[in-house]
Amino acid sequence: MLSYILDRLKSSIVVLFVVSIITFFVLMIIPGNPAQLILGTDATPEAIAELHAAMGLDRPLYQQYLSWLLELFKLDMGKSYVYGESVTVLIARSIPVTFSISIFAMVMAVFVAFLFGMLSAIKKNSITDYFSRSIMQLGAAIPSFWIGMVLIVYFGVKYKILPVSGFIPIEQSFTGFMRSIFLPSLVLAIGEVGTLLRIVRSSMLNSLKQDYMDMAKVKGLNAGKIYIKYALRGALTAPLTIIGMQLAKLAGGTVVVETIFALPGLGRLVLTAVEHRDIVLLQGLVMFITSIVVIITLIVDIFVMFLNPRIKSFHQGE
Amino acid sequence: MFSRTYYRYYGFDYKDLKRGILLVVFSKRYSFEILLTERKKEMKKTRKIFLLLLAVMLISACTAQESTPEKADVKTDLTMGYTTEPEGLDPHRTAAASTFTVTNNIYDTLVGVTPKWQIEPRLAEKWVFSDDGMEITFTLRDDVYFHNGRQMTAKDVEYSFNRLKDAESPRARDYENIVKIEVLNDYEIKFTTETLDVELLKSFVYPWAAVVPEEEAENLKTKPVGTGAFTLEEWVPQQYLILKRNDNYYGDEIKLKTVKMVLIPDATSMMAGFQVGDLDIIPLTGDQVTMVEGNENYRVLSEPMNAVQIMSLNTNNLYLSNEKVRQAMAMAINKEEVIEASMFGYGAKIGSHLPPTSPDYYDTNNIFEYNPEKAKELLKEAGYENGFEINMSLPKNYQLHVDAGQVIADQLGRIGIDVNIQLIEWGTWLSEVYGEKNFDSTVVGHTGRLDSYAFLSRYKSDSNDYISLTTGEVDELLENALHELDEGKRKEIYKDIQVILANKLPAIYLQTPHTMLVLQKNVEGMEIFPIDFYDFKEVYFTE
């Protein structure tokens, strides 16, 4: 088992290394000279060349990459051009926002998805099943910016029970914090619940068909035990993987919601970095977000292994 | 499957189940109840806690926050929405307009400008030109203090202009002509130019010509220190920026205590925030005007920007090098439709490269009026009866230009010119179109100068600009304008230049879009300036 974890860890590190290379070089070869973009249409070619050099962009690419990588090990990702602040600090400040809405959204999505997913699997083709499947379709079909707008208009403008936009840190006020993240989380949850519900339903259906279910029934176990201990456990692998993927996606993919609700999260930071061609900030952000994705995937894999001993033994058998 | 018989089959008593019901929401027919029988007390407990937690979260999220509205007589804290983050707050180290909208309140310049384009004293009380117009001497106020408490003197002005002219400054080129800066005494400073520039005074108005203290120069990007009416209280990236009244300000008393600028990137959310009263002033987009117009609680400020939107043409292109083709294109474009599509009608049609707000503006709209029939004839005369194909590079970050470009492409299609639209990033636009001149046509805006020379000098044949008039018709005129001391005669020269441009068409001049702000009706004193900045000095609440 330990060897499995170590193995996954090793491959994660390789992935991160490859990502660092891709991140760096892709951002370097995209058209547009950052110095020209910063200085605008009024600057002299000499001024542009000077800033280009001052930003260290005139060195050979491999040198730039190596020095960047070296700093990265020291958790120093350089200084943002737009904010004049350390990239590490900027990212650290955005994490609570994105993470709280992502996690809260996933809590809501998981709750609804498991509840209705299991119910509709157990009572296939019932009203509940149709209802669940409608949720699925709606969640997948409604664009999040639209639902965000609608929620803002109703809860914020019309009934005035929730703030229209902005973020209140948890240490400032818990209720304020909850109020500021509720709508954005809801929007994210609506976007994710459909996929998750579908997976829960199909895995549950699949697991209900297994022989050991009949066995359990014949054995006379009570239904609760049957569904929770046997059916659900067998059906957990796929949803868990999906939850991991969704969480990973949300870590870097909340930009639309953050823009609509004016939340100072990672997604907004990425957008600002792109808009202002803040290459240093962008490199740091892409690297950070990919690391999060890799780490979440790793954790999920380990979880799944615990749930599904077959993976473990398969690996040991290798 | 879940009939009563099912329960019996597994040895359940139906009544047992009933006792286990926790989740009332679900009808007792469902299996969920089964999970909650007494045997599963443990699970029940954890679920109860979980549900309770969720309920608390939901309730706390939904209950309105108790707020104690201040019962002060008149509000003194202004909140304004903005959409683009400043690129740091150091006026000498960026070219970003988003920075200057803010920094103009923190730093001062030697002279200022009124909304009516009049130059007014600011840090300088008065100024005199030498007889040859090559030297200007400013007399500074003696009661100006930086936010750090130190008094401002002529030495600071000298330092600031040297910093503005150094290699790291994006605006250095604009101040190349100033070759000597002399401190005469603590409150007098003399600038000497290399060649005569009759518009020199105007270059002291721009927000990048701000005076900064040397001892704070290192950190101005995040910790700006100036002499302005407001100090920076706090800047939380991506969220807000708070300006606080400078109580040591040399000018008239400032009525607002604080100005909070809140970053809201999305226009609809911005409008929502305005409608519930969270925001006192917001920038307005054309499509939103109908939402606030006619509402007596709001007031709309709408002024033509000091800018022109143009369709730049590459005269090195085989087709576009032909003057008749360019003229045919100008007549094929219905500018009113372009303004409707890109600015919802909030724009003014132009025929040359100066906005109608400029004191030197001359109306050239009638030179090539919209006339598709005549356009076709001209195209025939030029030998392109069957039309041709050109590319149009549009900067996709600017919706205004993309919208305009699409309408133009359609209109040109009607006289047989096929336009291939290519959407490109702003960074690519700058390097490819503006820098490399690698384009056929593009739509873009040119903004923000007070003197017509700065607006028009790009057309000099040797300017190496992407739309310079290589045939040289305006070279001499521009040179004369720069040296003409008589204002009336200068106006005549600028008129001639505008007429030449309107005929030669190195670009097709489309419109001057409007800047729009919407204010709550209790906000007074906010104005729109010819330079892209806000000034909160005079703003106040009436209730």
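So, here is what we can say about the structure in this document. Small disclaimer: the values here were computed from a predicted structure and weren't measured.

Moving on to the overall build of chain A. Assigned secondary structure in chain A consists of 15 helices and 0 strands. By its C-alpha atoms, chain A is 85 × 60 × 35 Å across when sized along the principal axes. Each of the 318 residues in chain A was classed as buried or not, and the buried ones make up 52%. Across chain A, contacts joining residues at least 24 apart in sequence account for 71% of those joining residues at least 6 apart. Between the mean site of the 25 positive side-chain charges and the mean site of the 18 negative ones, chain A shows a separation of 18 Å.

What follows deals with helix H8 (residues 323–332) of chain B. Residue and element names in this part refer to chain B. Within H8, 8 of the 10 residues are buried, leaving the element largely enclosed by the surrounding structure. For H8, the full list of buried residues reads Val325, Arg326, Gln327, Ala328, Met329, Ala330, Met331 and Ala332. Taking the backbone nitrogen of Lys324 as reference, a side-chain oxygen 2.9 Å away marks Asn322 as the first, capping residue of H8.

Further remarks concern the side chain of B:Glu199. Residues and elements named next belong to chain B. In this fold, Glu199 is placed in the loop between strand E7 (188–193) and strand E8 (230–236). In this structure Glu199 comes out as buried when scored by relative accessible area, which is 4%. At 3.1 Å, the side chain of Glu199 and the side chain of Tyr494 are in polar contact. Non-local contacts of Glu199, meaning those with residues more than four positions away in its chain, are made with Asp451, Ser452, Tyr453, Arg490 and Tyr494.

Moving on to a nonpolar patch on the surface. A surface patch of nonpolar side chains, about 550 Å² in accessible area, is lined by A:Val14, A:Phe17, A:Val18, A:Ile21, A:Ile22, A:Val26 and A:Ile30. Here A:Val14 is to be found in helix H1 (residues 2–29).

Here the focus is the sheet that holds strand E5 (residues 135–140) of chain B. Within a sheet, neighbouring strands are paired by backbone hydrogen bonds and run either parallel or antiparallel to one another. Residue and element names in this part refer to chain B. In spatial order, the strands read E4-E5-E7-E6; together these 4 strands make up an open sheet with antiparallel pairing. Strand pairing shows two members of the sheet lacking a second neighbour, strand E4 (124–129) and strand E6 (178–185), which therefore form its edges. Strand-to-strand twist across the sheet, computed as the mean angle between neighbouring axes with direction ignored, equals 20 degrees. With 5 bridges joining them, E4 and E5 adopt antiparallel strand pairing.

Residues and elements named next belong to chain B. A surface patch of like charges, here negative, comprises Glu120, Asp252, Glu253, Glu303, Glu527 and Glu538. Among the secondary structure elements, Glu527 is positioned in the loop between strand E19 (523–524) and strand E20 (540–541). Taking relative accessible area as the criterion, Glu527 reaches 41% and is therefore assigned partly exposed.

This part takes up the nonpolar core. With 104 residues, the main nonpolar core has B:Leu110, B:Phe138, B:Phe161, B:Phe191, B:Phe204, B:Met526 and B:Phe536 as its most contacted residues. The biggest single contributor to this core is helix H14 (residues 279–307) of chain A, with 10 residues. Once residues lying within four places of it in the same chain are set aside, the contact partners of B:Phe536 are B:Leu78, B:Met80, B:Asn105, B:Phe230, B:Leu243, B:Leu256, B:Val259, B:Met261 and B:Met526. B:Val325, B:Val443, B:Tyr494 and B:Ala507 belong to the second-largest nonpolar core, a separate cluster that totals 65 residues.

Glancing now at the side chain of B:Lys190. Residue and element names in this part refer to chain B. Position of Lys190 among the secondary structure elements: in strand E7. For Lys190, a relative accessible area of 18% puts it in the buried group. Once you skip the residues sitting within four places of it in the chain, Lys190 turns out to touch Glu135, Ile136, Thr137, Lys180, Ile181, Glu182 and Leu184.

Residue and element names in this part refer to chain A. For the pair helix H5 (residues 87–122) and helix H8 (residues 174–208), the least separation of the axes is 5 Å and the interaxial angle reads 35 degrees. Handedness of the H5/H8 crossing: right-handed. Considered class by class, the residues forming the contact of H5 with H8 number 29 nonpolar, 5 polar and 2 charged.

Residues and elements named next belong to chain A. Two numbers describe how helix H9 (residues 211–219) lies on helix H10 (residues 223–234): the axes approach to 11 Å, and their chain directions differ by 170 degrees. Taken together, the axes of H9 and H10 are roughly antiparallel relative to one another. Judged by residue contacts, Tyr212, Met213, Ala216 and Lys217 of H9 engage Ile226, Tyr230, Ala231 and Gly234 from H10.

In the Ramachandran plot, A:Ala262 falls in the positive-phi region, its phi being about 50 degrees despite a non-glycine side chain. Relative to the helices and strands, A:Ala262 is located in the loop between helix H12 (255–260) and helix H13 (266–275). Positive phi outside glycine occurs at B:Gln238, with the angle close to 70 degrees. Turning to its location among the elements, B:Gln238 is positioned in the loop between E8 and strand E9 (240–245). B:Gln238 gets classed as buried once you look at its relative accessible area, which sits at 4%.

With that settled, the discussion passes to the pattern of salt bridges. Residues and elements named next belong to chain B. Within this structure, the stated rule accounts for 29 salt bridges over all chains. One salt bridge in this structure joins Lys75 and Asp280, with 3.0 Å as the shortest N-O distance. With Lys75 in the loop between helix H3 (41–62) and strand E1 (77–82) and Asp280 in the loop between helix H6 (267–275) and strand E11 (281–283), this residue pair connects regions lying 205 residues apart in the sequence. Asp280 sits in the buried class, given a relative accessible area of 3%. A salt bridge links Arg122 to Asp108, with the shortest nitrogen-to-oxygen separation between them at 3.1 Å. Here Asp108 lies in the loop between helix H4 (97–103) and strand E2 (111–113) and Arg122 lies in the loop between strand E3 (119–121) and E4, a separation of 14 residues in the sequence. By the burial criterion, Arg122 is buried, and Asp108 matches it. Within the structure, one salt-bridge network assembled from shared partners comprises Glu135, Lys180, Glu182 and Lys190.

One face of the sheet, then the other: side chains in a regular strand alternate in exactly this way. All names here are of chain B. With 6 bridges joining them, E6 and E7 adopt antiparallel strand pairing. Within E7, the position partnered with Val183 by the bridge is Ile189. Joining the antiparallel neighbours E6 and E7 is a turn of 2 residues.

One pass over the full model with this rule turns up 34 aromatic pairs over all chains. Relative to A:Trp68, the ring of A:Tyr65 has its centre 6.2 Å away and its plane inclined at 45 degrees; by these criteria the two rings are tilted. In this pair, A:Tyr65 and A:Trp68 are both assigned in helix H4 (residues 61–73), 3 residues apart and thus about one turn of the helix distant. For the pair A:Tyr65 and A:Trp68, a shared accessibility class is recorded, and that class is buried. With 4.9 Å between their ring centres and 10 degrees between their planes, B:Trp426 and B:Trp429 make a pair best called stacked. Here B:Trp426 and its partner B:Trp429 are both found in helix H12 (residues 426–435), 3 residues apart, which amounts to about one turn of the helix. A single burial state applies to B:Trp426 and to B:Trp429, both of which are buried.

Analysis parameters
- Residues numbered from 1 in each chain as written.
- Chains lettered and ligands numbered in written order.
- Predicted model: local features only at pLDDT ≥ 70, side-chain atom pairs only at ≥ 80, totals over all residues.
- Heavy atoms only, no water.
- Helix = DSSP H or I, 4+ residues; strand = E, 2+ residues; numbered from the N terminus.
- Buried < 20%, exposed > 50% of the residue type's maximum accessible area, 1.4 Å probe, protein only.
- Contact = heavy atoms within 4.5 Å.
- Lys, Arg positive; Asp, Glu negative; His and termini not counted.
- Charge placed at Lys NZ, Arg CZ, Asp CG, Glu CD.
- Polar contact = N/O pair within 3.5 Å; in protein donor to acceptor, adjacent residues only side chain to side chain.
- Patch = residues over 30% accessible without salt bridge, like charges linked within 9 Å, V, L, I, M, F, W, Y side chains within 5 Å.
- Areas by Shrake-Rupley, 256 points an atom, 1.4 Å probe, with all protein chains shown as cover.
- Salt bridge = Lys/Arg side-chain N within 4 Å of Asp/Glu carboxyl O.
- Pairing = 2+ DSSP bridges.
- Axes fitted to C-alpha atoms, helices over the stretch in contact; angles between N-to-C directions.
- Core = buried A, V, L, I, M, F, W, Y, C linked by side-chain atoms within 4.5 Å.
- Left-handed = near helix turned anticlockwise from the far one by under 90°.
- Nonpolar A, V, L, I, M, F, W, Y, C, P; charged D, E, K, R; others polar.
- Parallel < 35°, antiparallel > 145°, perpendicular 65-115°, else oblique.
- Phe/Tyr/Trp six-rings, centres within 6.5 Å; stacked < 30°, edge-to-face > 60°.

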